[in-house]
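Listed below are the residues making up each chain.
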Amino acid sequence: MPAPPTKTRFAPSPTGNLHLGNLRTALFSALHTWSVGGRFLLRIEDTDAERSRSAFTEALQDDLRWLGLDWQEGPGADGGHGPYLQSERGSIYEGFYTRLLDEGHAYPCFCTQEQLAAQRAAQRASGRPPRYAGTCAHLGHAEAEARVRAGEAHTLRFRVPEGRTLDFEDLVRGRQAFASDDIGDFVIRRADGTPAFFFCNAVDDALMEVTHVWRGEDHISNTPRQLLIMRALGLREPSYGHLALIVGADGAPLSKRHGALGLGELRRRGYLPAALNNYLARLGHSYADDGLLDMVGLAAGFDTARLGRAAARFDMDQLNHWQRLAVAAADDAVFLEWAGAAVAPVPPASRDVFLAAIRDNVLFPDDVALWAEALFAASPPRSAEAETAMRAAPASLFEAGLEALDQHPQDFRAWAKAVGAATGLKGRDLFMPLRAALTGQVHGPEMTRVFPLMDEAGVRERLLSAARFATE
Ligand SMILES: Nc1ncnc2c1ncn2[C@@H]1O[C@H](COP(=O)(O)OP(=O)(O)OP(=O)(O)O)[C@@H](O)[C@H]1O
Ligand SMILES: [Zn+2]
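Residues numbered from 1 in each chain as written. Chains lettered and ligands numbered in written order. Predicted model: local features only at pLDDT ≥ 70, side-chain atom pairs only at ≥ 80, totals over all residues. Heavy atoms only, no water.

Caption draft 1: Representation of the overall build of the protein. In terms of regular secondary structure, the protein is built from 20 helices and 11 strands. Once the C-alpha set of the protein is aligned to its principal axes, its extents read approximately 105 × 50 × 35 Å. Put simply, the protein has 472 residues, and 50% of those count as buried. Considering only contacts within the protein whose residues lie at least 6 apart along the sequence, 72% involve residues at least 24 apart. As displayed, the protein offers around 22,200 Å² of accessible surface, 51% of which is attributable to carbon and sulfur atoms. Each charge class in the protein was averaged separately, 50 positive and 60 negative side chains, and the resulting centres sit 4 Å apart. (Helix = DSSP H or I, 4+ residues; strand = E, 2+ residues; numbered from the N terminus. Buried < 20%, exposed > 50% of the residue type's maximum accessible area, 1.4 Å probe, protein only. Contact = heavy atoms within 4.5 Å. Areas by Shrake-Rupley, 256 points an atom, 1.4 Å probe, with all protein chains shown as cover. Lys, Arg positive; Asp, Glu negative; His and termini not counted. Charge placed at Lys NZ, Arg CZ, Asp CG, Glu CD.)

Following this line, the structure appears as structure tokens:
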């Protein structure tokens, strides 16, 4: 039989906003399948009615699209294996429960929460790992039927075969083996009738013809249970790759439950999709090319042999490195839209030149706002360093600047040269206080580019104010 076409999936639960750990898993899934011309599938695992919110389902799709992680199959992109929200697949699951029950792979369990807790406590007390004791596994068929018919609350448990080794070849971590005797009979349908993760996740991967499951290492011990379900049902098993988790500064894995920094917050701060994708694609995976790549380039260079096994720590400085490259590479229209309202103080006719001049000096729209104010506001904010530089200069420097303006209102080089000639100052002693007076900062865009944009009256006002400040 020919190998089925590659299909990977991302299967988040809509219980919070996506964080960078979730998104790295989504990105690797997409890059792997695209690198071999396959399809990327999105499935929403919304079986936990209490924690799932449709607002999160909408938000996560919006986040994925914004990053460029468009799915070829999933909500809004029917590939013939829907529905793609697990909450809408109840009737499909029912058929499989019936088969598992009929073939003896599953049984109803009537144990109450209190009984189960007591069992676990007893096991722990005698030094055994807690697992289901098998109380209901041996109930007679007739008795179980009667109790179900009488409406007694029950879950469905999968009957784990004894004395087997369950092994699989993990795409990242190599061969993994688990003893079936370490796995207690586990719940596949909760008492409220909703499917348990192990069950619907495994059944859906098979039914949706997923070939490669990329997911966080937190799922590795679920895999033998899922293999058991698929084998019992004669479903085709995907290959599994368990990725090392991304941890925060405190060393704990990023998690929705623990309020990890969400993508929404990063978007609001002005991070660009290219920055996030390039950063995440290199977190636990290495590229031969260390330049900024677009999605096609990221997919082309993606190689599962280059996946690392060590946990990767989220590093804001690294992310900002990619942000710098992404801002530098953004085309003008994207850059202008990104800068948004921050350019408001800049006269429309000067905006293109302004943006070109400051591009190397900004990481976020807030930085654009800073330079817009620095160059165009009536009284720009002054940094402490700028004040120091202005105080160190003689007031005559700013007076000479005012005088030279009549002759050189547009040409920074000629103007500064005239000021230098009048005061005898040169180099840093000349340029630093002039920059500080004109922009309120001691670093920033090339003055030759921004000086001609500034309005002459504004420049005059800044020099007067600097002269006053220097003599205070
Ligand atoms: N810190 C992390 N690093 C890498 N991948 C992660 C991390 N946390 C979750 N994932 C992966 O993201 C995918 C989606 O997981 P899920 O929607 O359950 O998110 P979660 O953050 O684990 O949520 P919760 O905190 O509610 O458990 C899974 O493949 C999961 O393994
Ligand atoms: Zn039981």
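Caption draft 2: Region of interest: the site of ligand 1. In the vicinity of ligand 1 there are 20 residues, among which H19, G216, I246, L254 and K256 approach most closely. One of the side-chain nitrogen or oxygen atoms of T25 is found 3.2 Å away from a nitrogen atom of ligand 1. In this structure, an oxygen atom belonging to ligand 1 sits 2.8 Å away from a main-chain N or O atom of G216. More than half of the atoms belonging to ligand 1 lie within 2 Å of the grid points that define the largest pocket. For the shell around ligand 1, the secondary-structure elements that each account for two or more residues are α1 (20-35) and β8 (212-216). (Near = heavy atom within 4 Å. Polar contact = N/O pair within 3.5 Å; in protein donor to acceptor, adjacent residues only side chain to side chain. 1 Å grid on protein atoms, 1.4 Å probe; cavity = no way out; pocket = protein on both sides within 12 Å on 5 of 7 lines; lining within 4 Å. Sits in = over half its atoms within 2 Å of the grid points.)

Caption draft 3: Layout of the environment of P253. Counting through the fold element by element, P253 comes out in the loop between β10 (246-247) and α8 (263-269). Classification of P253 by relative accessible area gives partly exposed; the value is 38%. C-alpha of P253 to C-alpha of R359: the two residues are 106 residues apart in sequence and 35 Å apart in space. Among residues more than four places away in sequence, those in contact with P253 are L245, I246 and V247.

Caption draft 4: The arrangement of empty space enclosed by the protein in detail. Tallied over the entire structure, the rule returns one cavity of 30 Å³ or more. Roughly 40 Å³ of internal volume is contained in the largest cavity. In this structure, the largest cavity is lined by R24, F28, L243, A244, G284, L307, G308 and A310. A breakdown of the residues in the lining of the largest cavity according to their chemical character gives five nonpolar, two polar and one charged. (Points joined across faces, edges and corners; volume = space filled by probe spheres on them. Nonpolar A, V, L, I, M, F, W, Y, C, P; charged D, E, K, R; others polar.)

Caption draft 5: Representation of the environment of V36 within the structure. Residue placement: V36 occurs in the loop between α1 and β2 (39-42). Given a relative accessible area of 49%, V36 falls into the partly exposed group.

Caption draft 6: Main features of the pattern of salt bridges. Within this structure, the stated rule accounts for 23 salt bridges. Put simply, D205 and R43 hold a salt bridge, and the shortest N to O gap is 3.0 Å. Of the two residues, D205 sits in helix α6 (residues 197-207) while R43 sits in the loop between β2 and α2 (54-67), which places them 162 residues apart along the sequence. Considered together, D205 and R43 belong to a single accessibility category, that of buried residues. Two residues, R267 and D62, come together in a salt bridge whose shortest N-O distance is 3.3 Å. Placement of the pair is R267 in helix α8 and D62 in helix α2, with a sequence separation of 205 residues. Taken together, the shared-partner salt bridges connect R9, R43, E45, R89, D204 and D205 into one network. (Salt bridge = Lys/Arg side-chain N within 4 Å of Asp/Glu carboxyl O.)

Caption draft 7: Molecular detail of the environment of T25. Among the secondary structure elements, T25 is positioned in helix α1. On a C-alpha basis, the gap between T25 and A142 in space is 46 Å, while along the polypeptide they are 117 residues apart. For T25, the residues in contact, after removing those within four places along its chain, are F10, W214, R215, G216 and L243. Separated by 3.2 Å, the side chain of T25 and the backbone oxygen of G21 make a polar contact.

Caption draft 8: View of the sheet that holds strand β4 (residues 155-158). With respect to topology, three strands assemble into an open sheet ordered β3-β4-β7, the strand pairing being antiparallel. Bordering the open sheet on either side are β3 (106-109) and β7 (186-189), each of which pairs with just one other strand. For this sheet, the mean inter-axis angle between neighbouring strands, taken without regard to orientation, is 45°. Sheet analysis places β3 next to β4, joined by four bridges and oriented antiparallel. Opposite A106, over in β4, you have F158 as the bridge partner. (Pairing = 2+ DSSP bridges. Axes fitted to C-alpha atoms, helices over the stretch in contact; angles between N-to-C directions.)

Caption draft 9: Seen up close, the layout of surface pockets. Counted as a void, the largest pocket has a volume near 970 Å³. Lining the largest pocket we find 34 residues, and of these S13, N22, D218, H219 and K256 sit closest to its centre. Those elements giving two or more residues to the lining of the largest pocket turn out to be β1 (7-10), α1, α6 and β8. Looking at the lining of the largest pocket, the element that brings in the most residues is α1, giving four residues.

Caption draft 10: Spatial organisation of the domain arrangement of the protein. Once the domains are mapped, the protein shows domain 1 (1-74 + 165-176 + 198-329), domain 2 (91-164 + 177-189) and domain 3 (378-471). Using only C-alpha atoms to locate each centre, domain 1 and domain 2 end up separated by 32 Å. Across the boundary between the two partners, domain 1 contributes 21 residues, which contact 20 residues of domain 2. The largest contributions to the domain 1 side of the interface with domain 2 come from F199, L228 and L233, which together make up 33% of the buried area. Taken together, domain 1 and domain 2 are joined by zero salt bridges. In this assembly, domain 1 and domain 2 are joined by three residue pairs in polar contact (both at pLDDT 80 or more). Those elements that provide at least two residues to the side of domain 1 that touches domain 2 are β5 (165-170), β6 (174-179), α6 and α7 (223-232). (Domains from an automatic or database assignment. Buried area = accessible area lost by both parts, 1.4 Å probe.)

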